[in-house]
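# Structural overview
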Amino acid sequence: MNKLSDLRKSYEQGELDEDLAAQEPLIQFKQWLDHALASKVPEPNAMTVATVGPDGRPSTRIVLIKGFDEQGIVWFTNYESRKGQELALNPHAALQFHWVELERVVRIEGQVSRIDPAESDAYYQSRPLDSRLGAWASPQSQVISSRGVLVANAAKAALQHGLHPQRPPHWGGYRLQPQAWEFWQGRKSRLHDRLSYQLQDGQWIKQRLAP
């Protein structure tokens, strides 16, 4: 068995030139996300969301991006979950996409707010029935005695709401409005390419960072 300290990889799939990269980070993100989708990497829409609790300790989890535009990055979750409670106290978060097969990482930092309830309603109604009922069944992040609790809650939700459940008030979307982006492309000899975009006076400033 190989020792963890002996595991190494040479990153040689691409490069990231600041002169060729887009001036707007959203455009650069779309190009990379489109490439990840076209390359059929596993779950290209998966991203890590990092929040900070009242004790100053960070926590992370994986969610799925559901939309993005000039207003920000959107995902959906339980507002009463740990991340929801932490965002209520400190509405700032960091996101990270890691497309391993492409040797690429995108980091995004910014302020988070709940999206309009009508947007959450529309997305909720587009989900499969089991997923809609699951939003009622799971007291996300709370301690439960067994999986049987979830199964029982799901059966109760199906009986109560039938085939047309409405969105639970504790479930909906968040939008992170980016204030900083970083694009990372793995390179040979650990001399990776890192481009930073910082929002200053309404303009994006693009800079290269040392790896």
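Note that this is a predicted model, so its numbers are computed, not measured.

The rules behind the values
- Residue numbers here run from 1 along each chain, matching the order of that chain's written sequence.
- Totals for whole chains, interfaces and linings use every residue, but because this is a predicted model, local features are given only for residues with pLDDT of at least 70 and side-chain atom pairs only at 80 or more, for both listing and counting.
- Here the side-chain values reflect all heavy atoms present in the structure, with hydrogen atoms and water set aside.
- Throughout this description, buried means an accessible area under 20% of the type-specific maximum (1.4 Å probe, protein chains only), exposed means over 50%, and partly exposed covers the range between.
- Strands are runs of DSSP state E lasting at least two residues, helices are runs of H or I lasting at least four, and both sets are numbered from the N terminus onward.
- Arc, as used here, means the arc of the directions from the helix axis to the C-beta atoms.
- Working rule for contacts: check all heavy atoms of both residues, and any pair within 4.5 Å makes them a contact.
- Polar contacts, as used here, are pairs of N or O atoms within 3.5 Å; protein pairs need one atom able to donate a hydrogen and one able to accept it. Residues neighboring in sequence count only if both atoms are side-chain atoms.
- The criterion for an aromatic pair is that two Phe, Tyr or Trp rings (for Trp, the six-membered ring) have centres within 6.5 Å, with stacked assigned to planes under 30 degrees apart, edge-to-face to planes over 60 apart and tilted to the rest.
- To estimate how far a helix should extend, the number of its residues minus one is multiplied by 1.5 Å.
- The pairing criterion for strands is at least two bridges between them, as found by DSSP.
- UniProt positions are given in the numbering used here, feature names are shortened, and annotations may be inferred rather than shown by experiment.

### Side note on helix α3 (residues 117–126)
Count 3.6 residues to each turn of an α-helix, and residues three or four apart come out pointing the same way. All buried positions along α3 are accounted for by Ser 120, Tyr 123 and Tyr 124. End-on view of α3: buried residues confined to an arc of 105 degrees, all on one side of the axis. Those residues of α3 that are exposed and aimed more than 90 degrees away from the buried face are Ala 122 and Ser 126. At its buried positions, α3 is contacted by β4 (72–78), α4 (129–137) and β7 (171–185).

### Brief notes about the side chain of Glu 86
With respect to the helices and strands, the residue Glu 86 is situated in helix α2 (residues 82–89). Accessibility expressed as a relative area gives 6% for Glu 86, which makes it buried. Polar contacts involving the side chain of Glu 86 include one to the side chain of Thr 51, which spans 2.4 Å. With residues near it in sequence (within four places) discarded, Glu 86 still touches Thr 51, Val 52, Gly 53, Ser 59 and Arg 61.

### So, the packing of aromatic side chains
For the coordinates displayed, the defined rule picks out 14 aromatic pairs. Plain terms: the ring middles of Tyr 11 and Trp 184 are 5.6 Å apart, the flat faces sit at 85 degrees to each other, and that makes the pair edge-to-face. Of this pair, Tyr 11 sits in the segment before α1 (25–38) while Trp 184 sits in strand β7, and the two are 173 residues apart along the sequence. Residue Tyr 11 is classed as partly exposed on the basis of its relative accessible area, which comes to 22%.

### Quick look at α1
Look at α1: 20 Å from first C-alpha to last across 14 residues, which is about the 20 Å you get at 1.5 Å a residue. Here α1 has its buried residues at Pro 25, Gln 28, Phe 29, Trp 32, Leu 33 and Ala 36. With its buried residues spanning 130 degrees around the axis, α1 presents them on a single face. Just downstream of α1, Lys 40 is the residue with a positive phi angle, here 55 degrees.

### Re the pairing of strand β8 (residues 193–200)
Two elements, β7 and β8, share 6 bridges in a ladder whose sense is antiparallel. Pairing of Ala 180 across the sheet is with Gln 198, part of β8. With 7 bridges connecting them, β8 and strand β9 (residues 203–209) associate as antiparallel partners. When the bridges of β9 are listed, Ser 196 appears paired with Gln 207. What sits between the antiparallel neighbours β8 and β9 is a turn of 2 residues, in which Asp 201 has the positive phi angle 55 degrees.

### Quick look at the UniProt feature "binding site: substrate" (unreviewed entry) in the protein chain
The positions that UniProt labels "binding site: substrate" (unreviewed entry) are, in the present scheme, Lys 66, Tyr 123, Arg 127, Ser 131, Arg 190, Leu 191 and His 192. A maximum C-alpha distance of 43.5 Å is found for the annotated residues, which run over 127 residues; spatially they are spread out rather than grouped. As for its placement among the helices and strands, Lys 66 is situated in the loop between β2 (58–64) and β3 (67–69). Ignoring any residue separated from it by four or fewer positions in sequence, one finds Lys 66 in contact with Val 74, Phe 76 and Tyr 123. Within the fold, Ser 131 resides in helix α4. On the basis of relative accessibility, which here comes to 28%, the residue Ser 131 falls in the partly exposed class.

### Digging into unusual backbone geometry
Phi is positive for Glu 43, close to 40 degrees, though the residue is something other than glycine. Tracing the chain through its elements places Glu 43 in the loop between α1 and β1 (46–52). For Ser 141, which is not glycine, the phi torsion reads 75 degrees and is therefore positive. Relative to the helices and strands, Ser 141 resides in the loop between α4 and α5 (147–161). A residue is classified by how much of its surface remains accessible, and Ser 141, at 52% relative accessible area, is exposed.

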